[in-house]
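Observations on the model geometry
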Amino acid sequence: MLRRTVQILTGNCVKSKAFSNQFYLNKRRMSRQLHARRIEGVEKNIWLEFTQLAADCKAVNLGQGFPDFSPPDFVKKAFVQATGGEDFILHQYTRAFGHPALVKILSRFFGKIMGRQIDPLGNILVTVGAYQALFCTFQALVDEGDEVILIEPFFDCYEPMVKMAGGRAVYVPLRPKAAQGAALSSSDWVLDPEELASKFTKHTKAIVLNTPNNPLGKVYKREELQVIADLCVKHGALCISDEVYEWLVYDGAEHVKIATLPGMWEHTITIGSAGKTFSATGWKVGWAMGPDHLLKHAKTVHQNCVYHCATAAQEAVAHGFQRELDCFGKPESYFLQFPRQLQQKRSRLAQSLLAVGMQPIMPEGGYFLIADISTLSQSS
C-alpha cells in the first residue's frame, strides 16, 4: 500500500511538472511579438482621425471623397436589373480577374481612348475598388529595398502600401510658382525637372503618378508627363498611374493618360475606379490596366486575397460603360455632364472660402479643394 501511494504521488508530481513546463512555454510564446513587422508604422489612418475629429467637434466633414447624391439613373437601373432579374448567374461567382461583360467593354472603351488594342483577358484586372488595384500592384511589383517615388502631396495610402511591400518611399514635392490674380490654381504647382531626375537611382522601381491629383486637383499637362515618361524609360522604372478622377476635369483641362506616350504602355499600370466615374463609391469596383507581363503578377496577388469581386456590381458598371461608349462625345454623355455640375459646385465653394478670408487653390480636376488659411488669425 505504501509503495502504491508513493507511485501515485510521484506520478502526480511528474504530471504537475509537465503542466507547469507547458504553461511557461505557452506564456513565453504569447509574450513574443504577435504582429508582423510589415504593419509597423502604418496603423494610423488620416480618414479615421478626421472622421473622429468631425464627430467630436460636430463639424461638417468635407474631407472624404464620396458624393452626397446618387449615381446616374442608367447605372442604378442596371444594378436593379442585375439583382432583380431572372439571370441567376449574376448572383454567383464570376471570372476571378473580372466579369466578362465588364472587361470586354472596358477594353473597347479605353482602347478607343488610347488608340490601341487592349486584351480584355490579359490587360485588365477588376478589383474591389481602386484601393485594391493599388494594393495588388504594390505587392506584386515592389520588392524589399526597392525605392518608389511619391509626388507630394499624395493620397495617403501610397506610403503605407509601399512600406508593407518592403519598399522605401522617396519624396519629391510639387512646388507653387508665383501666381497672379485673386486665386491660385492647381496648375501653378509644378515639379522641378532636375529635382525629379535626382530622385531616380539604381534602386528606383517605380514612380506613383496621380492625375488629377488628390488632394491638390492638379491635372498634369502632356509636357509634364513627358518629363516623367522620359525618366521612366531611361531608368527602366515603372509608372503606377492613379487616374480615378480622369473624368472630373474643369476649365477645359485635358486628361492625358501617360500610358499613351511613346514607350510608356510597357512601363505603366493604370488604375481606374467605377466609384469615382459613376458616383457609386460603395459599389467598390475598380481596375488595373496594363501590359500582360506586369499585370499577371498583380493577378497573382488578387487571386490569393479577395480572389473575386461582386458580380452584380460589375454587371451594372459594364452597362454604364456601354451606355457611355454609345454616346461618346455627345451632349447626353454623363462623362461630359458630370464635370460641368461639379465645376459649378467648385466655384460656389471657392467663393464661400474667399468670403471668410481663406485663399482657395482652384483645382483643375478631382473632388477636392484645398485652401490657404494662413491669413486667418487664431482668434477668428
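Structure: see above.
These figures come from a predicted structure and were not determined experimentally. (Residues numbered from 1 in each chain as written. Predicted model: local features only at pLDDT ≥ 70, side-chain atom pairs only at ≥ 80, totals over all residues. Heavy atoms only, no water.)

1. Observations concerning the sheet that holds strand β11 (residues 359-362)
Pairing between the strands of a sheet comes from backbone hydrogen bonds, and it takes one of two forms, parallel or antiparallel. Ordered by their spatial adjacency, three strands build an open sheet running β5-β11-β12, and the pairing between neighbours is mixed. Since the sheet does not close on itself, it has two edges, and those belong to β5 (184-185) and β12 (370-372), each with one partner. Each of β11 and β12 touches helix α12 (residues 334-355); the most contacted strand, β11, lies at about 155° to it. (Pairing = 2+ DSSP bridges. Helix = DSSP H or I, 4+ residues; strand = E, 2+ residues; numbered from the N terminus. Contact = heavy atoms within 4.5 Å. Axes fitted to C-alpha atoms, helices over the stretch in contact; angles between N-to-C directions.)

2. Side note on the pairing of strand β2 (residues 147-152)
Where burial is concerned, most of β2 is hidden: five out of the six residues are buried. In terms of handedness, the path from β2 via helix α6 (residues 158-164) over to strand β3 (residues 168-173) forms a crossover that is right-handed. Both β2 and strand β7 (residues 204-210) contribute to a ladder of four bridges, which runs parallel. Each residue of the ladder has a partner; that of Glu147, found in β7, is Thr204. (Buried < 20%, exposed > 50% of the residue type's maximum accessible area, 1.4 Å probe, protein only. Right-handed = clockwise from strand over helix to strand, strands pointing away.)

3. Describing the nonpolar core
What tends to happen in soluble globular proteins is that the nonpolar side chains get buried as a cluster. Formed by 65 residues in total, the largest nonpolar core has its most connected members in Phe110, Phe138, Ile271 and Phe321. In terms of residue count, the dominant contributor to this core is helix α4 (residues 100-114) (seven residues). If sequence neighbours within four positions are ignored, Ile271 has contacts with Ala130, Ala133, Leu134, Thr137, Ile240, Ser241, Asp242, Glu243, Val244, Trp287 and Ala288. In terms of nonpolar packing, the next biggest core, distinct from the first, is built from 25 residues, Leu191, Leu225, Ala237 and Leu261 among them. (Core = buried A, V, L, I, M, F, W, Y, C linked by side-chain atoms within 4.5 Å.)

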